[in-house]
Amino acid sequence: MEIDSVEMLCKHLIFCAVQRCRLKNDMCRLSVKLAPSPWCNPPLVRISVSDTGVGSTLEEYQHLKYQSGLVQAGKWDGLMSISTTSISDKDMHNLNLNMKNTASSKRLTRLPSTSKNGAHFSGTEVSMSTFESFDHLLEDLTLFFKKMLVLKIPLVAVELLVDYYNMPGSCTENCIMAIECGSLPFPVESVTSLRTCFEDYVLKHRNKLDSVCPYCFLTGENLMVGTGVASCSGNMQGNALVMEAVVVISELPMVATPSCFREHERETQVLFYRDFVPSTIPKSLLSALESINWKSYGLTLRNIMDQDGCALLEWESLPPTLHIDIIIHYYDKQYPSQSDSQLTSPLDWHGIQSSNCIICICHFHNLLSR
């Protein structure tokens, strides 16, 4: 895949960390830490993505590409530090990755290992430094984590940290956001879990509240929920790809507050996830959404837009008390094995078939026809 921004690289590293945690199939932690150094000229930010998963492979990093403008603009020097170990290893293996080396086989430099002193643990940490704006990075990653909050990853706890130790007069570490792990193990991941997570998201006005809105969803009777599942043809490795989708139609009662009505806009943002990570919506899925005969369900689609990688559906003549929320999750049911040599990032994955998208979404026709 080709990296065109520091933010894109961070999200790719998070995706790889999530897949290592899935592979472990046990309690796991994923941490993303930003450490600003404003006294540097220009100001520097150290970024680290660490996890306690298993199955780290060098191919994850050797095949990365970046646009030359990213380095030329002075945002990143093309260097990353990697530390990784398995439970059976006696040492932490340390490496440096130089993305500016055109020969992928020569990008990695092995450094002296660090003894684990008899401890038994697995994990990987990837870190790098950037001259990207700290405020911009924090805002972008916070929004990304808020999307991750919707889909609680089974057995994986996630946290976004800011380390202020390098700032003059400060020695604190702030947890910007912590996401509790899902209670169900990976083998039982299904549309039922997706439905539960998404209903909770809607009941909290798209997670803008800490708890269920007491004015709109006191009983939950004003929610209509539909689900759909479609199996999709896998790649040459025979992966079992599954698409799951949930549509929630909510109708606010007349006692709802004005602020609640403002939350119910006449637009639907389609949340899309690839292997439990927020992802850019593929063009094939946009085409599938546009090709659905919405009028047969009593809906008129005015426009569909690709807004920063998200699908935004704009409706005509939708009552102000009514809102439609859609989430789609596309994942490999047989998650990566330790023998796999490379993980496919959701940021450059384009294998979704339009026919499968339509089949999955049209499973909602019983709900929409009410």
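Below you will find a few notes about this structure. Bear in mind that the values here come from a model prediction, so they are computed numbers and not experimental data. (Residues numbered from 1 in each chain as written. Predicted model: local features only at pLDDT ≥ 70, side-chain atom pairs only at ≥ 80, totals over all residues. Heavy atoms only, no water.)

**Brief notes about helix 5 (residues 191-203)**
Link 1 in the chain: The end-to-end C-alpha distance of helix 5, which contains 13 residues, comes to 18 Å, matching closely the 18 Å that a straight helix rising 1.5 Å per residue would cover.
Link 2 in the chain: Taken as a whole, helix 5 has its buried residues at Val191, Leu194, Cys197, Phe198, Tyr201, Val202 and Leu203.
Link 3 in the chain: Within two residues after helix 5, His205 carries a phi angle of roughly 50°, on the positive side. (Helix = DSSP H or I, 4+ residues; strand = E, 2+ residues; numbered from the N terminus. Expected span 1.5 Å × (residues − 1). Buried < 20%, exposed > 50% of the residue type's maximum accessible area, 1.4 Å probe, protein only.)

**Section: the pattern of salt bridges**
Side chains bearing opposite charge may pair, as long as their charged atoms lie close to each other.
Link 1 in the chain: One pass over the full model with this rule turns up 11 salt bridges.
Link 2 in the chain: In this structure, Glu132 engages Lys75 in a salt bridge whose closest nitrogen and oxygen atoms are separated by 3.6 Å. Residue Glu132 is located in the loop between strand 8 (123-130) and helix 4 (134-150), and its partner Lys75 is located in the loop between helix 3 (68-72) and strand 5 (79-85); the two are separated by 57 residues in the primary sequence.
Link 3 in the chain: Residue classification places Lys75 among the partly exposed residues on the basis of a relative accessible area of 29%.
Link 4 in the chain: Among the charged side chains, a network of salt bridges with common partners joins Arg22, Arg274 and Asp275. (Salt bridge = Lys/Arg side-chain N within 4 Å of Asp/Glu carboxyl O.)

**Let's talk about the pairing of strand 5**
Link 1 in the chain: Extensive coverage of strand 5 is indicated by the burial of five of its seven residues.
Link 2 in the chain: Here strand 5 pairs with strand 6 (residues 91-98) via six bridges, running antiparallel. Each bridged residue has a counterpart across the sheet, and for Thr84 the counterpart in strand 6 is His93.
Link 3 in the chain: The turn joining strand 5 and strand 6, which pair antiparallel and follow one another in sequence, is formed by five residues. (Pairing = 2+ DSSP bridges.)

**Considering the sheet that holds strand 7 (residues 108-115)**
Link 1 in the chain: Overall, mixed pairing links the eight strands, which are arranged 7-6-5-8-3-2-9-10 in an open sheet. Each edge of the open sheet carries a strand with a single partner, namely strand 7 and strand 10 (173-179). Sheet twist, expressed as the average angle between the axes of neighbouring strands with direction ignored, equals 15°.
Link 2 in the chain: With seven bridges joining them, strand 2 (residues 28-37) and strand 9 (residues 156-163) adopt parallel strand pairing. Paired with Val32 across the strands is Leu160, a residue of strand 9.
Link 3 in the chain: Docked against the sheet, helix 1 (residues 6-24) engages strand 2, strand 3 (44-51), strand 5, strand 8 and strand 9, running at close to 15° with respect to strand 3.
Link 4 in the chain: Relative to strand 9, helix 4 is tilted by about 165°, and along the sheet it contacts strand 2, strand 3, strand 8, strand 9 and strand 10. (Axes fitted to C-alpha atoms, helices over the stretch in contact; angles between N-to-C directions. Contact = heavy atoms within 4.5 Å.)

**Topic: the side chain of Ser122**
Link 1 in the chain: Examined against the element boundaries, Ser122 turns out to sit in the loop between strand 7 and strand 8.
Link 2 in the chain: Among the polar contacts listed, one links the side chain of Ser122 to the backbone oxygen of Gly53, at a separation of 3.1 Å.
Link 3 in the chain: With residues near it in sequence (within four places) discarded, Ser122 still touches Lys24, Asp51, Thr52, Gly53, Val54, Thr85, Ser86 and Ile87. (Polar contact = N/O pair within 3.5 Å; in protein donor to acceptor, adjacent residues only side chain to side chain.)

**Description of the packing of aromatic side chains**
Link 1 in the chain: Overall, the coordinates contain three aromatic pairs when judged by the stated rule.
Link 2 in the chain: Residues Phe276 and Tyr331 carry aromatic rings whose centres are separated by 6.1 Å and whose planes lie at 45° to one another, so their mutual orientation is tilted. Taken together, the positions of Phe276 in the loop between strand 13 (267-274) and strand 14 (277-278) and Tyr331 in strand 17 (residues 322-332) put the pair 55 residues apart, joining distant regions of the chain.
Link 3 in the chain: For Phe276, a relative accessible area of 5% gives the class buried.
Link 4 in the chain: Judged by relative accessible area, Tyr331 falls into the buried class, the value being 1%.
Link 5 in the chain: For Lys116, the ring lying beneath its charged end belongs to Phe121, and the centroid distance is 4.5 Å. (Phe/Tyr/Trp six-rings, centres within 6.5 Å; stacked < 30°, edge-to-face > 60°. Lys NZ or Arg CZ within 6 Å of the ring centre and 35° of its normal.)

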